Amino acid sequence: MGETYKDMPDQEDIGEQLHHDQNIRTNEGKKKAYLGVDVGSISTKGVILDDDNNILSSAYIWTEGNPIGSVKKLIHLIEEGFDKDQYEVVATGTTGSARRLVGTILGATIVKNEITAHAVGTTTFHPDVRTILEIGGQDSKIILVENGVAIDYAMNTLCAAGTGAFLSSQAKRLNIEVEDIGKYALKSEHPTSIAARCTVFAESDLVHKIQMGHSREDIIAGVCDAVVSNYLNNVGKGKKIESPIVFQGGVSKNEGVVAAFERELGCHVTVDPDGHLMGAIGSAILARRSSARRVFDFKMEDMEFYTREANCGRCPNNCEIICVYRGDDLLDAWGNRCERGALV
């Protein structure tokens, strides 16, 4: 078995260390709310929850290679749907591949890895879940749960054949909208067998099947089957997948992939209506559970942030240090392997 949940490095739990001493008195006349942000390579998600885990505002946008810009846009969209007269955001959590960068510019009270955030979010709304399947734009993960606690996990960031990016590229090849893949797949009676070992083989095989005259519906159903096969043979390899199963991430909205999972696993697969936001939801819940409090300032969307890379040069490691600035002020820096490279 691979790396287990308890062995997972969690040095990202920097939130309370960064901001615990910066607590600000909250407005006693307003209800408390909690912001969670999940920034990935493809999409950026955010939610605001109340004390009962109700979503007060949410947004889902594309990252477009600019996590700082996408987060500023996300905050603007969330603010538009948030009732600031009744609620006040008193804690903020971040997760995803850009969690530390975004946590710095948002003044997060807690920063957590995406495995933890997804597990917390899912088990909160589905306490009996045993397996969490998650497929995003460029990566995928599986989390095994026992008695409400994540006990094992695996991630795949190497092959795109089991991700949303593969579905998007094949939809473009077939001249259909990626959102319509599910509808086409469900019309198929004889899904085309497509090589699922990797993206290159799958795309080559798909072109061959098109030239052989297979119907569009059968080919699209075969693409969905290929995504599931690649996922189970890579991310899920060696894992004991047990029901109840919850499927989340952007690809969970694809009915064809959901149906392919149910055929392959032989059981019902639950898709949470807010599954595409689950990382952000988990972050908001973690922020609420944390003791750190810091009132969130929506004015950050008007501030200018930028990053700069610096070479330490103070020892043979010559670490590359990432520095985050707001104007001329250094907010945070990381990448150093020893105390000589510490800048903040």
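Residues numbered from 1 in each chain as written. Predicted model: local features only at pLDDT ≥ 70, side-chain atom pairs only at ≥ 80, totals over all residues. Heavy atoms only, no water.

## With respect to the confidence of the model for the chain
Item 1. Looking at the chain, the pLDDT average stands at 84 and 87% of residues meet or exceed 70.
Item 2. Confidence, expressed as mean pLDDT per element, reaches its minimum in the chain at helix 1 (residues 15-19) with 41 and its maximum at strand 10 (residues 269-271) with 97.
Item 3. Counted against residues more than four places away or in other chains, residues 1-24, with its pLDDT under 50, gives 55 contacts. (pLDDT = per-residue confidence, 0-100. Helix = DSSP H or I, 4+ residues; strand = E, 2+ residues; numbered from the N terminus. Contact = heavy atoms within 4.5 Å.)

## Let's talk about the side chain of Asn 53
Item 1. Along the chain, the position of Asn 53 falls in the loop between strand 2 (43-49) and strand 3 (55-62).
Item 2. Looking at Asn 53, its side chain comes within polar contact range of the side chain of Arg 288, at 2.5 Å.
Item 3. When residues no more than four places from it in sequence are discounted, the contact partners of Asn 53 are Thr 124, Phe 125, Ile 285 and Arg 288. (Polar contact = N/O pair within 3.5 Å; in protein donor to acceptor, adjacent residues only side chain to side chain.)

## Some details on the packing of aromatic side chains
Each aromatic ring pair is specified by the distance between its two centres and by the angle formed by the two planes.
Item 1. Tallied over the entire structure, the rule returns six aromatic pairs.
Item 2. With centroids separated by 6.3 Å and ring planes inclined at 40°, the aromatic side chains of Phe 82 and Tyr 87 adopt a geometry described as tilted.
Item 3. Arranged with centres 5.0 Å apart and planes meeting at 70°, the rings of Phe 247 and Phe 261 form a pair that is edge-to-face. One end of the pair, Phe 247, is in strand 9 (residues 245-248); the other, Phe 261, is in helix 9 (residues 255-265), with 14 residues separating them in the sequence. Each member of the pair, Phe 247 as well as Phe 261, carries the same accessibility label: buried.
Item 4. Among the aromatic residues, those joined into a cluster by ring pairs are Phe 82, Tyr 87, Phe 296 and Phe 298. (Phe/Tyr/Trp six-rings, centres within 6.5 Å; stacked < 30°, edge-to-face > 60°. Buried < 20%, exposed > 50% of the residue type's maximum accessible area, 1.4 Å probe, protein only.)

## Side note on the sheet that holds strand 9
Item 1. Taking strand neighbours across the sheet as the criterion, the five strands line up as 8-7-6-9-10 in an open arrangement whose pairing is mixed. Two strands close off the open sheet at either side, each with one partner strand: strand 8 (149-156) and strand 10. Between one strand axis and the next, the sheet turns through 20° on average, direction left out of account.
Item 2. Where strand 6 (residues 131-135) meets strand 7 (residues 140-146), five bridges bridge the pair, whose relative direction is antiparallel. Each bridged residue has a counterpart across the sheet, and for Ile 135 the counterpart in strand 7 is Ser 140.
Item 3. Each of strand 6, strand 7, strand 8 and strand 9 touches helix 4 (residues 114-125); the most contacted strand, strand 7, lies at about 55° to it.
Item 4. Each of strand 6, strand 7 and strand 8 touches helix 8 (residues 216-234); the most contacted strand, strand 6, lies at about 125° to it. (Pairing = 2+ DSSP bridges. Axes fitted to C-alpha atoms, helices over the stretch in contact; angles between N-to-C directions.)

## What to know about the packing of helix 4 against helix 10 (residues 278-289)
Item 1. Look at helix 4 against helix 10: their axes get within 7 Å of each other, and the N-to-C directions meet at 85°. The angle between helix 4 and helix 10 places the two elements in the roughly perpendicular class. Residues Thr 116, Ala 117, His 118, Val 120, Gly 121, Thr 122, Thr 124 and Phe 125 of helix 4 form the contact with helix 10, whose own contacting residues are Met 278, Gly 279, Ile 281, Gly 282, Ser 283, Ile 285, Leu 286 and Arg 289.
Item 2. Classifying every residue of the contact of helix 4 with helix 10 gives seven nonpolar, eight polar and one charged. (Parallel < 35°, antiparallel > 145°, perpendicular 65-115°, else oblique. Nonpolar A, V, L, I, M, F, W, Y, C, P; charged D, E, K, R; others polar.)

## Quick word on the environment of Asp 152
Item 1. By secondary structure assignment, the location of Asp 152 is in strand 8.
Item 2. Considering only alpha carbons, one finds Asp 152 and Ile 142, 10 residues apart in sequence, at a separation of 8.4 Å.
Item 3. Of note is the side chain of Asp 152, whose polar atom sits 2.8 Å from the side chain of Lys 239.

## What to know about the pattern of salt bridges
Item 1. Per the counting criterion, the structure on display carries 10 salt bridges.
Item 2. For the salt bridge of Arg 130 with Glu 242, the shortest nitrogen-to-oxygen distance reads 2.7 Å. One end of the pair, Arg 130, is in the loop between helix 4 and strand 6; the other, Glu 242, is in the loop between helix 8 and strand 9, with 112 residues separating them in the sequence.
Item 3. Of the residues examined, Arg 130 reaches a relative accessible area of 26% and is grouped as partly exposed.
Item 4. With a relative accessible area of 25%, Glu 242 lands in the partly exposed category.
Item 5. Salt-bridge contacts for Asp 205 lead to Lys 209; the nearest nitrogen and oxygen are separated by 3.5 Å. Linking Asp 205 with Lys 209, this pair stays in helix 7 (residues 199-212), spanning four residues, or about one helical turn. (Salt bridge = Lys/Arg side-chain N within 4 Å of Asp/Glu carboxyl O.)

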